[in-house]
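Given next are the chains, with one letter for each unit.
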Amino acid sequence: MADVDVIRVMGGARLAGDVSVVGAKNSALKLMAAALLATGRTTLTNVPRITDISIMAEVLRRLGCDVEQDGDRVVIDVPEQLGTEADYDLVRRLRASICVLGPLLARCGHVRVAHPGGDAIGSRGLDMHVEGLRRMGADISGEHGFVIATAPKLHGATIWLDFPSVGATENLLMAAVLANGRTEIDNAAREPEIVDICRMLTDMGADIEGAGSSRLVVRGVTELRPVEHRTVGDRIVAGTWAFGTAMTRGDVTVHGIDPAFLEIALDKVVTAGGEVTTAPDSFRVRMDDRPRAVDVVTLPYPGFATDLLPMAVGLASVSEGSSLVTENIFDGRFMFINEMARLGADIRTDGHHAVVRGKARLSGAPVTATDIRAGAGLAIAGLCADGVTEIRHVHHIDRGYPSFESDLRGLGVDVSRAVAPPDEFEF
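You'll find the protein entered in an unreviewed UniProt entry as UDP-N-acetylglucosamine 1-carboxyvinyltransferase, with Dactylosporangium sucinum given as the organism. Its UniProt record, at the heading Catalytic activity (unreviewed entry), says of the protein: "phosphoenolpyruvate + UDP-N-acetyl-alpha-D-glucosamine = UDP-N-acetyl-3-O-(1-carboxyvinyl)-alpha-D-glucosamine + phosphate".

Right, dumping it as C-alpha cells:
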C-alpha cells in the first residue's frame, strides 16, 4: 500500500491575523462546465488551486477542450465539435462532473456520463436531474454505470423540483439556455454559486430571470459566446475560519467574501458570544471568552449550510453548555462524529440529530477525514485539544482548501504535513 499524507496540528492555538479566501470550489467547477456551452476561449479567474479543479480540467480535456491552469486563472478553449462521453475513472472521483450532462446535451444532442462518485456523505440521487431533462424532451436511460441522454433539440418546460437541489438546478439551467422556448424552474436552489453561474451565463448571452430566487425563468437562445468571468468567493472556507476563530477565542479578519453570504453562520457566532464586524468584501470575528452553546439546523440556502456542520459540531464541542445540531440535507454527514469522539468530544446522535455537551478542552489524537469539510473541521477541533492531532486522508482537505496549512500557519498555528505508512494509524 502507498504512503499517505497526514496533517499534524499542535493544540492550544489561538487563531489571529488576516486570511484571504479565493473563489468557491462549488462555483468554479460548474463555471468550467458552463464553458462547454460556447465555442471559443472562456477565461475564469479567482479559481481555487485544488485537486477537484484539476480533475474537472481533465474531464474537459477528454471532451476535446484545451485547458490551461495558471495560478488562479483557468483558460478553456472549447472546440466546435465536442466529445460526448465523460469516463468513469474521472467522474467517480468528482461528483460535480455530472454537471457536464446539461451543457453537453444542449450542445451535442447526446451524452454518456458515468454515474458520479464524490464525498461519502449520503445518498444524492440524480432523479431530479433526469426528470427535469425528460420534461425538456430528453430520452434518458442507464446502462453499465452510465447515464445516457439523447435529445436532438431540447424544448422549454415547467419544472418543479421536489427539493431545491443545487446540482439539479445547475444542470437544468445550463440545458435550458440553449433550448427552444421558455423554461421555468420552480423551487430552484438560491445559493450564491447559483447566482454566480447565472451571471456568467447572462454575460455569455443567455436570457435568465430570477437569479437568487426560488423561481428561474430561462428563454432559450440559439448560441452563446465565450467570456471572462471572476469566480465568487468561497463562503464555506470563509465560514471555516469564522468558526475556527470562535472556537479558539481568536481574532481574525477574513478577506475576499461578501459577508451577506454567511449571514446565519455569522449570527450563530454572535449568539455564541463572538463579536462580528463586516465590510463589503470582508468580515472580522473576535471571541474573548469561552463560547456559549448554540443550536444549529442545516437547511438549503439561505439557511445554515450543511458544509459548515462539522465546524458547528466543533464549536459545540468546546462551548459552555449543550447544543442540538440537526442535519437535514445529507444522511451521511454525521460520519465524522466518531472521529470527533476520538478527540474527546461528548456527542450523542439520534437519526439526524446530535446532542453535543461542551468541554473546556479536547484531547489530541490521530483521526481520519471522511470528507472535505469533516477533514477541515477535525483540524480546527484539534486546535482546541491538548497535544498533537494527526489527520489522515488529507487528500479530502486538498479537494476544497487550496492553502490550508499555510493559512493556518499564517494565523499562528504550529502545523505540518508529513508522509506516513498507511498502517501507522490503523486501530
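Back to the write-up after that little detour.
Draft legend 1. Inspection of the overall build of the protein at higher detail. If you tally the helices and strands in the protein, you get 14 helices and 26 strands. In terms of overall dimensions, the protein is globule-like: its C-alpha atoms have a radius of gyration of 22 Å, near the 22 Å expected for 427 residues. By principal-axis analysis of the C-alpha atoms, the protein measures approximately 60 × 45 × 40 Å. For the protein, the proportion of its 427 residues judged to be buried stands at 56%. Counting only contacts in the protein whose residues sit at least 6 apart along the sequence, the fraction spanning at least 24 positions is 74%. Once the 43 positive and 58 negative side-chain charges of the protein are each reduced to a mean point, those two points are 1 Å apart.

Draft legend 2. Broad picture of the side chain of Ser282. Within the element layout of this structure, Ser282 appears in strand E17 (residues 282-286). By relative accessible area, which is 14% here, Ser282 ends up buried. Not counting the four nearest positions on each side in its chain, Ser282 is found in contact with Val254, His255, Ile257 and Pro259.

Draft legend 3. Region of interest: the sheet that holds strand E14 (residues 228-230). With mixed pairing, four strands are arranged side by side in an open sheet as E4-E5-E3-E14. Every other strand in the sheet has two partners, leaving strand E4 (66-70) and E14 as the edge strands with one partner each. Across the sheet, the mean angle from the axis of one strand to that of its neighbour is 15°, orientation sign disregarded. In this structure, E4 lies alongside strand E5 (residues 73-78), joined through five bridges in antiparallel fashion. In the sheet register, Asp66 faces E5, and the bridge partner there is Asp77. Most of the contacts of helix H2 (residues 51-62) go to E4, to which it runs at about 160°, and overall it touches E4 and E5.

Draft legend 4. Just the nonpolar core, in detail. Ile76, Met136 and Leu201 are the most contacted members of the largest nonpolar core, which totals 80 residues. For Ile76, the residues in contact, after removing those within four places along its chain, are Met32, Ala35, Gly40, Arg41, Thr42, Leu44, Leu60, Cys65, Asp66 and Val67. If you look at the next biggest cluster of nonpolar residues, it comprises 70 residues, including Ile257, Leu309, Val318 and Ala354.

Draft legend 5. Geometry of the pairing of strand E20 (residues 346-350). As paired elements, E20 and strand E21 (residues 353-357) share five bridges and run antiparallel to each other. What sits directly across from Asp346, in E21, is Arg357. Remark: two residues form the turn of the hairpin made by E20 and E21, two consecutive strands paired antiparallel; Gly351 in that turn has positive phi of roughly 65°.

Draft legend 6. A look at the packing of aromatic side chains. The final tally for this structure, using the stated rule, is three aromatic pairs. Aromatic side chains Trp241 and Phe404 sit 5.9 Å apart centroid to centroid with 20° between the ring planes, which places their arrangement in the stacked category. Here the residue Trp241 occupies a position in helix H8 (residues 235-247), and Phe404 occupies one in helix H14 (residues 404-410), the gap between them amounting to 163 residues. Grouping residues by exposure puts Trp241 and Phe404 together as buried. With 5.9 Å between their ring centres and 90° between their planes, Phe243 and Phe304 make a pair best called edge-to-face. Here Phe243 is found in helix H8, whereas its partner Phe304 is found in the loop between strand E18 (296-297) and helix H10 (309-317), with 61 residues between them in sequence. Taking the relative accessible area as the measure of exposure, Phe243 reaches 1% and is therefore buried. Clustering of aromatic rings is evident, with ring pairs tying together Trp241, Tyr401 and Phe404. A cation over an aromatic ring shows up here: Arg112 above the ring of Phe146, its NZ or CZ 4.2 Å from the ring centre.

Draft legend 7. Examining the packing of H8 against helix H9 (residues 263-271) more closely. Where H8 contacts H9, the two axes come as close as 10 Å, and the packing angle between them is 5°. With respect to H9, the axis of H8 lies roughly parallel. Residues Ala242, Phe243 and Ala246 of H8 touch H9, and the partners they reach there are Ala265, Leu266, Lys268 and Val269. Of the residues that constitute the contact of H8 with H9, the class distribution is six nonpolar, no polar and one charged.

Draft legend 8. Region of the structure containing the side chain of Thr245. Structurally, Thr245 can be placed in helix H8. Once you skip the residues sitting within four places of it in the chain, Thr245 turns out to touch Leu15, Gly250, Asp251, Val252, Val285 and Met287.

What counts as what
- Residues numbered from 1 in each chain as written.
- Predicted model: local features only at pLDDT ≥ 70, side-chain atom pairs only at ≥ 80, totals over all residues.
- Heavy atoms only, no water.
- UniProt positions renumbered as here; feature names shortened; annotations may be inferred.
- Helix = DSSP H or I, 4+ residues; strand = E, 2+ residues; numbered from the N terminus.
- Rg over C-alpha atoms; globule rule 2.2 N^0.38 Å.
- Buried < 20%, exposed > 50% of the residue type's maximum accessible area, 1.4 Å probe, protein only.
- Contact = heavy atoms within 4.5 Å.
- Lys, Arg positive; Asp, Glu negative; His and termini not counted.
- Charge placed at Lys NZ, Arg CZ, Asp CG, Glu CD.
- Pairing = 2+ DSSP bridges.
- Axes fitted to C-alpha atoms, helices over the stretch in contact; angles between N-to-C directions.
- Core = buried A, V, L, I, M, F, W, Y, C linked by side-chain atoms within 4.5 Å.
- Phe/Tyr/Trp six-rings, centres within 6.5 Å; stacked < 30°, edge-to-face > 60°.
- Lys NZ or Arg CZ within 6 Å of the ring centre and 35° of its normal.
- Parallel < 35°, antiparallel > 145°, perpendicular 65-115°, else oblique.
- Nonpolar A, V, L, I, M, F, W, Y, C, P; charged D, E, K, R; others polar.

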